[in-house]
Amino acid sequence: MLNRIRARIHWQLAKKHRGNDIDSAAKHILASIKSAPTYEDRARRGASILVSEGRYADAGQICRHYIERGDPLEFWSHYESFVQELEAASSALQSKTTAVKVALLNDTDFRVNIGCRLTSQGLKNLIRQSISGAWISSHGFRFSAFRHDFKTEAVSLDTAQLLEERVRVAYGSETIAAIKASDVVILQPEGSLDDGTTLEGLKTFFSPIILAQSVGKPNAIINGTIPVYEDERGGFLRNLFSSLPSVAARDDISAAHYGIKFIADAAFLYKPATDNAERDGCLITTGARNSVEEDEKIFHAALEVCDATGLRPIVLTHAVDRFKKFEKAIRSRNGIFAETASLTKAAETLARCRLHVGARYHMAIFCVVAQVPSLLYDVKTHKNKWLGRYSPLITLAAPDQTLVAQAKEILSTPIATGTPDDGLEKLSLEFLKGSILSQDGSFQLVRP
């Protein structure tokens, strides 16, 4: 009882200090968890807070504490690898040089979501191959900007002042200076837009590339899904894309609708270093923008497949809390229950899987490169539908029906080749080099 009281007091003190003294907050978080380690949900929350504050060594302490206690669901061993990956990436950012400066907008690296890191790291590798000695500054998008009312702050929505204000609100004050000081500006739409994004939201999201174009910076848009808008939003995007030198979408549905280039997702370029002859797992994931009820339906369908095929459930998804009440069922089947992992650790876990049941677009791509077939549910953008056409390893799941028959059919057939041989890496490099390099391969500033 006394330990529980101590844990509660330390947790309250951590909350009190977090806004003004992160060192003290971190100490109280660690003390709270060590006082009452049975409160594992609190430990998961504490690790998440420490990661968000860049306190990777402290987060690593929590991971080690629980790994030493046994970690039967492998949650903490996976999470520790994620913390180590972020720590290494953060250290690499400190080594600035006089190289070509590339501002990457809507960089989704450093997030808990494995798929975000998978695709952003793939794009960064392409950028570094395209520009020798490139140094990439990362600028994440703030989704709260979609709700910001800029109309009250300026008479004209097209003034240079408001354009910079949009960039500041959506990407941070430092981004304006970074764009002006950069040699190249690249915006990655990723999966940040959906059918509910307003016209004002689109103007705000694409404001950095409009600013880059206005100040004469070489620029490109690549590696994103663009929703199919049939109203004024579609007209805005067509006009914008036609005014820019280099625009590509990561799926052919987006590309065909807007008349832009199609270059498949950079996540497909990941090459797993591991393989496993003994695959006895079924990966289970959630879906982007799914409701809790929709994700729970996925889990029930996947667990039915596990019981019918003898596969053990392997949960690896950012929305792991939605499956929290199923932990006992997962543990009883000798499964894995994890929120995130480094890409290397995630690849090792996927190498233990024979099937994927879920709705996560990028985890399905990760499975493709790991040669794991997917039964993939549709989501609220067309990206999963496109993926089902692109890779023979993707089978779209029938909604509200048992998946057992489909799963058994997939498991009874040899694994197909993951993706078409469309020269993705070469195509991507040619696109990026064509955006920013002269014919002889030297760097040049392309004026609008």
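Our subject in this report is the structure included herewith. (Residues numbered from 1 in each chain as written. Predicted model: local features only at pLDDT ≥ 70, side-chain atom pairs only at ≥ 80, totals over all residues. Heavy atoms only, no water.)

**Looking at the pairing of strand 2 (residues 135-139)**
- Counting buried positions along strand 2 yields four of five residues, so the element is predominantly enclosed.
- Taken together, the five bridges between strand 1 (residues 101-105) and strand 2 define a ladder with parallel strand orientation. Counted as the bridge partner of Ala103 is Ser137 from strand 2.
- Taken together, strand 1, helix 6 (residues 114-130) and strand 2 constitute a β-α-β crossover, and its handedness is right-handed. (Buried < 20%, exposed > 50% of the residue type's maximum accessible area, 1.4 Å probe, protein only. Helix = DSSP H or I, 4+ residues; strand = E, 2+ residues; numbered from the N terminus. Pairing = 2+ DSSP bridges. Right-handed = clockwise from strand over helix to strand, strands pointing away.)

**Focus on the packing of aromatic side chains**
- Going through the model one piece at a time under the given rule, you end up with 22 aromatic pairs.
- Residues Phe75 and Tyr79 carry aromatic rings whose centres are separated by 6.0 Å and whose planes lie at 10° to one another, so their mutual orientation is stacked. Taken together, the positions of Phe75 and Tyr79, both in helix 5 (residues 75-93) and four residues apart, correspond to about one turn of that helix. Tyr79 carries the same exposure label as Phe75, and that label is buried.
- Between Arg44 and the ring centre of Phe75, over which it is positioned, the NZ or CZ distance is 4.1 Å. (Phe/Tyr/Trp six-rings, centres within 6.5 Å; stacked < 30°, edge-to-face > 60°. Lys NZ or Arg CZ within 6 Å of the ring centre and 35° of its normal.)

**What about the environment of Gly216?**
- When you line up the elements, Gly216 lands in the loop between helix 10 (207-214) and strand 4 (219-221).
- Gly216 sits in the buried class, given a relative accessible area of 3%.
- With 108 residues separating them along the chain, Gly216 and Lys324 place their C-alpha atoms 50 Å apart.

**Overview of the layout of surface pockets**
- The calculated volume of the largest pocket comes to roughly 630 Å³.
- Around the largest pocket, the lining is made up of 30 residues, and of these Arg111, Asn113, Cys116, His318 and Arg360 lie nearest the centre.
- Broken down by secondary-structure element, the contributors of at least two residues to the lining of the largest pocket are helix 3 (40-52), helix 6, strand 7 (281-287) and helix 16 (361-369).
- Residues that form the lining of the largest pocket fall into these classes: 12 nonpolar, 10 polar and eight charged.
- Roughly 490 Å³ of internal volume is contained in the second largest pocket.
- If you go around the second largest pocket, you meet 30 residues; those closest to its centre are Asp109, Gln121, Lys124, Asn125 and Arg128.
- Those elements that place two or more of their residues in the lining of the second largest pocket are helix 5, helix 6 and strand 2.
- At nine residues, helix 6 tops the list of elements feeding residues into the lining of the second largest pocket.
- Taken together, the residues of the lining of the second largest pocket break down into 15 nonpolar, seven polar and eight charged. (1 Å grid on protein atoms, 1.4 Å probe; cavity = no way out; pocket = protein on both sides within 12 Å on 5 of 7 lines; lining within 4 Å. Points joined across faces, edges and corners; volume = space filled by probe spheres on them. Nonpolar A, V, L, I, M, F, W, Y, C, P; charged D, E, K, R; others polar.)

**Regarding the sheet that holds strand 12 (residues 394-396)**
- Taken together, the six strands give an open sheet; going across it, the order is 9-8-7-10-11-12, and neighbouring strands pair in parallel fashion. Edge positions in the open sheet fall to strand 9 (336-338) and strand 12, since each of these has one partner strand only. Between one strand axis and the next, the sheet turns by 20° as a mean value, whatever way the strands run.
- Sheet analysis places strand 10 (residues 353-359) next to strand 11 (residues 374-376), joined by three bridges and oriented parallel. Pairing of His356 across the sheet is with Ser374, part of strand 11.
- Against the sheet, helix 13 (residues 292-309) contacts strand 7, strand 8 (312-316) and strand 10, and its axis sits at roughly 170° relative to strand 7. (Axes fitted to C-alpha atoms, helices over the stretch in contact; angles between N-to-C directions. Contact = heavy atoms within 4.5 Å.)

**A short note on helix 1 (residues 2-17)**
- Given a rise of 1.5 Å per residue, 16 residues ought to cover 22 Å, and the 23 Å separating the end C-alpha atoms of helix 1 matches this to within 8%.
- Inspection of helix 1 places Ala7, Trp11 and Ala14 among the buried residues, and these make up the whole buried set. Viewed end-on, helix 1 has its buried residues packed into an arc of 60°, placing them on one side of the element. Those residues of helix 1 that are exposed and aimed more than 90 degrees away from the buried face are Leu2 and Lys16.
- In the core, the buried residues of helix 1 are packed alongside helix 2 (22-35) and helix 3. (Expected span 1.5 Å × (residues − 1). Arc of directions from axis to C-beta.)

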